[in-house]
Amino acid sequence: MALTDRYWRNHPEAPFSVLLDTVEAYCHPEAHDEAYEDLITRVRSPKGDPAIQRFKSQLGDALRDRSALPEDALYVAAQYSDGSDRAFLERLWRDLYPDEPLPGR
């Protein structure tokens, strides 16, 4: 299966599918103009959002063990300019959870 197929769209129970789906929806350059800010708002909402809790859990798992992410999947989902999965994940965590330490450190 080619990663450009965005396997997580068709396999919602695949490892990191919530992380990749959320990153694609809110961080990809083709997402709407305010998407990243919308993600920050959603993460910081006082409502208990089960999908965001799963996203946070998978983001933490990816930070603890980046080798667990399928090769190139994060880049396909985000088209980030950070230079590496690690740099992107760390920036994302710091932007979304500024008062919490980076998992795995």
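Naming follows an unreviewed UniProt entry, where the chain appears as CdiI immunity protein domain-containing protein of Actinoallomurus iriomotensis.

Along the chain, His28 turns up in the loop between α2 (17-27) and α3 (35-44). With relative accessibility at 11%, the residue His28 sits in the buried group. Other than its neighbours up to four places away in sequence, His28 contacts Arg6, Val23, Val76, Ala77, Ala78 and Gln79.

Right, let's talk about helix α4 (residues 50-64) for a bit. The terminal C-alpha atoms of α4, which comprises 15 residues, lie 21 Å apart, in line with the 21 Å expected from a rise of 1.5 Å per residue. Within the span of α4, buried status applies to Ile52, Phe55, Gln58, Leu59, Gly60, Ala62 and Leu63. Packing partners of the buried residues in α4 comprise α2, α3 and α6 (85-96). For α4, the side-chain oxygen to backbone nitrogen distance between the N-cap and Ala51 is 3.1 Å, and the N-cap itself is Asp49.

We now examine the confidence of the model for the chain. Model confidence for the chain is summarised by a mean pLDDT of 89, while 95% of its residues fall at 70 or above. Across the chain, element-level confidence peaks in α6 with a mean pLDDT of 96 and bottoms out in helix α1 (residues 7-10) with 72.

Taken as a whole and judged by the stated rule, the model has 7 salt bridges. With a closest N to O distance of 2.8 Å, Arg64 and Asp61 form a salt bridge. Of the two residues, Arg64 and Asp61 both sit in helix α4, 3 residues apart, roughly one turn of that helix. For Arg91, the salt bridge is made with Asp95, and the minimal N-O distance between the two is 3.8 Å. Taken as a pair, Arg91 and Asp95 lie in helix α6 at a separation of 4 residues, close to a single helical turn. The partly exposed category is assigned to Arg91, whose relative accessible area is 31%. Residue Asp95 is classed as partly exposed on the basis of its relative accessible area of 28%. Here the salt bridges do not stand alone but share partners, grouping Asp82, Arg91 and Asp95 into one network.

In this section: the environment of Gly104. Mapped onto the elements, Gly104 comes out in the segment after α6. The exposure class assigned to Gly104 is exposed, which follows from its relative accessible area of 63%. When the C-alpha positions of Gly104 and Ser57 are compared, they lie 12 Å apart, and in sequence the two are 47 residues distant.

Reading guide: rules and limits
Residues numbered from 1 in each chain as written. Predicted model: local features only at pLDDT ≥ 70, side-chain atom pairs only at ≥ 80, totals over all residues. Heavy atoms only, no water. Helix = DSSP H or I, 4+ residues; strand = E, 2+ residues; numbered from the N terminus. Buried < 20%, exposed > 50% of the residue type's maximum accessible area, 1.4 Å probe, protein only. Contact = heavy atoms within 4.5 Å. Expected span 1.5 Å × (residues − 1). Polar contact = N/O pair within 3.5 Å; in protein donor to acceptor, adjacent residues only side chain to side chain. pLDDT = per-residue confidence, 0-100. Salt bridge = Lys/Arg side-chain N within 4 Å of Asp/Glu carboxyl O.

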